Structure formats: C-alpha cells, structure tokens
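Chain by chain, the residues run as shown.
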Amino acid sequence: MRTREDCLKLDADDPLGFARARFSMPEGLIYLDGNSLGALPVTTAARVEEVIAREWGGDLIRSWNTADWIGLPLRVAKRIAPLIGAGEDEVIAADSTSVNLFKLAAAALKHQAPRRVILTEGENFPTDQYVLQGLEALPGGAAELRTVAREELLDALNDDVALIALTHVDYKSGAIHDMAAITAAAHRVGALALWDLSHSAGAVELALNGCGADLAIGCGYKYLNGGPGAPAYLFVARHLQDKLVQPLSGWMGHAAPFEFASQYRPAAGMLRFLSGTPVVLGMAAFEEGLKTFDGISMREVQAKARVLGDLFLSLVESRCRDAGFVIGCPRDSAKRGSQVCLWHPEGYAIMQALIAEGVIGDFRAPDVMRFGFAPLYTRYVDVFEAVTKLAEIMRSGRWHEGCFQVRAAVT
Ligand SMILES: *Cc1c(COP(=O)(O)O)cnc(C)c1O
C-alpha cells in the first residue's frame, strides 16, 4: 500500500508532471472524469475570444481565407494523427463521433457489397449501436447488424461480414480490445475493421497503421480536451481513401466546392469525408486542446495511466475493504485504458456523495462508478485523496442522505 508521501514523491518524479500547468483546474477539486469531458486548457479561452472578436468580429467572412478557417479540418487533424499512430493525410476533424460512424460504416458497406453484415458487440457504446441500427433500418436493406457478446466476436467473423465495428477501450469496463489481432482476423475473412477511439486517444498509445486498421473515429472532448461538444475526427487508411464514398455527400467533401457544380464529385483523399461547413469555434477550441499534447510521448502517457489505475485499485482494496465494491475493470493494467470502475448497487448515491466532497467521477447505469485518469493533469496525490474521501464516505454512510439519491438528467 502507498502512503500520501509515496504519492507526492511519485508526482515529484513524474516526467509528465509539467503538463498539469497546461490546464486551468479549480483549486481543491479532484477531477477524475477527463474520460467524459477533458479539462480546460489555459490557452483556450483567449484563443476562442480571439477567433470571435478579431477573426469573426473584425475580419468577418474574409477569415475563411485570412485565418484559414477552411483549412481547420485538416489542420486540427495533423495534431491528432501522431496521437493515434496515423499519417497526417489519413485523418480529418469533422462532425460528431456518431455522425462519423455513420459515414464510415455506410461507406465501408458500399465498398464491401454484396456483403452486408456489420458485426459489433452488445456492450459497445450505445450511440455506436444506435447508429448501426439506424443504418440497418434504412430503406434498401444494405446492412444487417449482427450483435454478439465480446467473447464471441472472433467466432462470428466469417465471410458474410463486411465490417467489424468496435470501441477500442470499453466505455464502462475500460477493457482494451486487441486491435492488431482483431483487425488481422477481420482481414483474413475479407472484412474491414473500424475502431472507435473515443476512450483511447490521448490516454493510451495507439498504432492504427501498425495494426493495419482500416477505419477509425473518435471523440474530441474526452482525453483530447477539445471542450464540450467538440468536433470529432475520422481516420481512413491511405489505400482505402479513394475507394470509399460516404453518403453524407455535402459540399465540403466535393472535389471543387466553390465551383458550385450541381453534381457531387468526391474530393481526393480525406476531404471527401467532410460533409458541411466546419464548426469554426469548436475547431478553434479543439486545436487548443490538442496543443496540450505538444512534446508529450504517448508511451509515457499510457505508462502513467497504468500506474494511476493500479494505485487507485490497490488503495480501494486496502482502504475500502468491507464497503461492498467489486472491481469491474481488468485488474491487469495492460488490459485496460486509463479508467477504472467499481460496481456497487448504491453506486449512484455514493458517486453523488463523492462529488459533494470535491471528487468528480461519474456513474453509468446500472451500478458502475467510473473514474478516469487523464495522465496530463491527474496527480498521484489526487488518486490518494480521492480514495481517502471514498473510504470516509463508506465509513460514515453519508451517501444514504436523501439528496444523493435524486438522479440528475446527466449522470
Ligand atoms: C463519447 C463517445 C461517443 C460520443 O459520440 P457523440 O457523437 O460525440 O455524442 C461515441 N462513441 C464512444 C465509444 C464514446 O465513448
């Protein structure tokens, strides 16, 4: 078991310790929810203010050229590429994760015809399942969704399958899929593999090209610190880009948007995966979020993530022994992302009591208490204090108080 002093020592020796100063963190708050909404970078407010006042207010429409607003989707993508093990010409920032999944899954199906099966797992993040269900429900019947349990995925890969679509790090349990092995298994039967990196990028080292991944999508507002509702991104392996055409064929994906031609003609490369106009303010904030990774090694980020998670779990095991928690994530840090979870039937109320004490995690139905560790700003001592507060709440039974039982709209 580690003491508070051990944790302070770990922080003092932390090669990533300097990065916390890149964020504006409320005094006294322990924030263990960077996996849901990344913290605010210190530069974001001034940059967004500049985009509003000078670029929008002063230069008005000229800023599409003078401030290169039009180039934002590719400019932002250049900062994402090294974090996910992709080439700069294989990524573009656009839309939301949900919309990007629709675009890429639909494009993959069209390419894979007459195959029509999309394989996924029943534990996949709800929006991913809903989007694939929506694709299946489209008139024309081009898609058939096959949803199986995690352990059955490899057996379910056969030569009916057009696409396997999975979330790399599970949003609840934090379990990591073996991207290289599953992608290789998909390729052996002629299927494509699409990875949702929402809970991976910025937290674990990724090698999309190293794993031979075909397609990927991911979220901008979690570990990438892009701000609430930030744009998302998508990846298409170079060799597939000109073979895929996505169905939300808007003008920004046209080969020559400002010719205003009446017939759609997809742009070359990643631009064809755009639909409409980029969300300029959101992109500006996203760009600042990504700058927090300047000079940061993702190998070091993942290494710290693993130690933070192990520290949390071992402290819970030793200090909350009879509290009724069940560890709901892989105990082996090589098998999980940068989040851990505890199961408890009263998890919602316990989490509310913890938040009232200034330790922010979150809750996922039915009984999952989730704690995410963003290695750029979470300190070892934060983990220590968080478990101290958790142990106190369990000892005092404070979570029984009525105010902690009432569910808010967003958990
Ligand atoms: C957070 C998350 C999303 C978010 O999708 P939005 O379109 O931004 O709402 C999608 N998939 C996974 C796996 C996520 O973790």
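Given the structure is predicted, the values throughout are model-derived calculations rather than measurements. (Residues numbered from 1 in each chain as written. Predicted model: local features only at pLDDT ≥ 70, side-chain atom pairs only at ≥ 80, totals over all residues. Heavy atoms only, no water.)

Engineer: Please set out the side chain of K222 residue by residue, giving values where relevant.
Structural biologist: By secondary structure assignment, the location of K222 is in the loop between β9 (215–218) and β10 (232–236). No salt bridge is formed by the buried K222, whose closest oppositely charged neighbour, D196, lies at an N-O distance of 6.5 Å. Dropping the residues within four chain positions of it, K222 is found in contact with G34, N35, S36, L37, G38, S198 and H199. (Helix = DSSP H or I, 4+ residues; strand = E, 2+ residues; numbered from the N terminus. Buried < 20%, exposed > 50% of the residue type's maximum accessible area, 1.4 Å probe, protein only. Lys, Arg positive; Asp, Glu negative; His and termini not counted. Salt bridge = Lys/Arg side-chain N within 4 Å of Asp/Glu carboxyl O. Contact = heavy atoms within 4.5 Å.)

Engineer: Hey, could you go over the nonpolar core for me, with residue numbers and the actual values?
Structural biologist: Formed by 61 residues in total, the largest nonpolar core has its most connected members in I84 and L197. Broken down by element, this core gets its largest block of residues, 7 residues, from helix α4 (residues 72–84). Taken together, domain 1 (4–40 + 297–404) and domain 2 (47–291) each give at least three residues to this core, which thus spans both. Discounting residues that sit within four places of it in the chain, L197 has contacts with I84, H168, M179, L206, L208, A216, I217, G218 and Y233. In terms of nonpolar packing, the next biggest core, distinct from the first, is built from 38 residues, I30, L311, L354 and I393 among them. (Core = buried A, V, L, I, M, F, W, Y, C linked by side-chain atoms within 4.5 Å. Domains from an automatic or database assignment.)

Engineer: Can you lay out the pairing of β9 for me, pointing to particular residues and giving the numbers?
Structural biologist: On a regular strand, each side chain points to the face opposite its neighbour's, so the side chains alternate between the two faces of the sheet. Alternating residues of β9 divide into L215 and I217 and A216 and G218, and every residue in both groups is buried. Pairing analysis gives 3 bridges linking strand β8 (residues 192–196) to β9, with the strands arranged parallel. What sits directly across from L194, in β9, is L215. Pairing analysis gives 4 bridges linking β9 to β10, with the strands arranged antiparallel. Looking at the pairing, A216 lines up with F235 of β10. (Pairing = 2+ DSSP bridges.)

Engineer: Which residues make up the packing of helix α11 (residues 298–319) against helix α13 (residues 380–396), and what values do they have?
Structural biologist: Between α11 and α13, the shortest axis-to-axis distance is 10 Å and the interhelical angle comes to 25°. With respect to each other, α11 and α13 are oriented roughly parallel. Handedness of the crossing formed by α11 with α13: right-handed. In this structure, α11 contributes K304, V307, L308, L311, F312, L315, V316 and R319 to the contact, and α13 contributes Y380, V383, F384, V387, T388, L390 and A391. Per-class residue counts for the contact of α11 with α13 are 12 nonpolar, 1 polar and 2 charged. (Axes fitted to C-alpha atoms, helices over the stretch in contact; angles between N-to-C directions. Parallel < 35°, antiparallel > 145°, perpendicular 65-115°, else oblique. Left-handed = near helix turned anticlockwise from the far one by under 90°. Nonpolar A, V, L, I, M, F, W, Y, C, P; charged D, E, K, R; others polar.)

Engineer: So what about the domain arrangement of the chain? Which residues, and what values?
Structural biologist: Domain annotation of the chain identifies domain 1 (4–40 + 297–404) and domain 2 (47–291). Taken over C-alpha atoms, the centre of domain 1 sits 29 Å from the centre of domain 2. Facing 32 residues of domain 1, the contacting portion of domain 2 comprises 21 residues. When the two sides are added together, the surface that domain 1 and domain 2 hide from each other amounts to roughly 1900 Å², 54% of it contributed by carbon and sulfur. When the buried area of domain 1 at its contact with domain 2 is split by residue, M298, Q302 and Q339 rank highest and sum to 27% of it. Where E205 meets R299, a salt bridge forms, and the shortest distance between an N and an O atom there is 3.1 Å. For the pair domain 1 and domain 2, the interface holds 14 residue pairs in polar contact (both at pLDDT 80 or more). Sorting the residues of the side of domain 1 that touches domain 2 by element identifies α11, β12 (339–343) and β15 (368–372) as the ones contributing at least two each. Of the residues forming the side of domain 1 that touches domain 2, the biggest block, 5 residues, is contributed by α11. Here the residues of the side of domain 1 that touches domain 2 are counted per class, giving 16 nonpolar, 10 polar and 6 charged. (Buried area = accessible area lost by both parts, 1.4 Å probe. Polar contact = N/O pair within 3.5 Å; in protein donor to acceptor, adjacent residues only side chain to side chain.)

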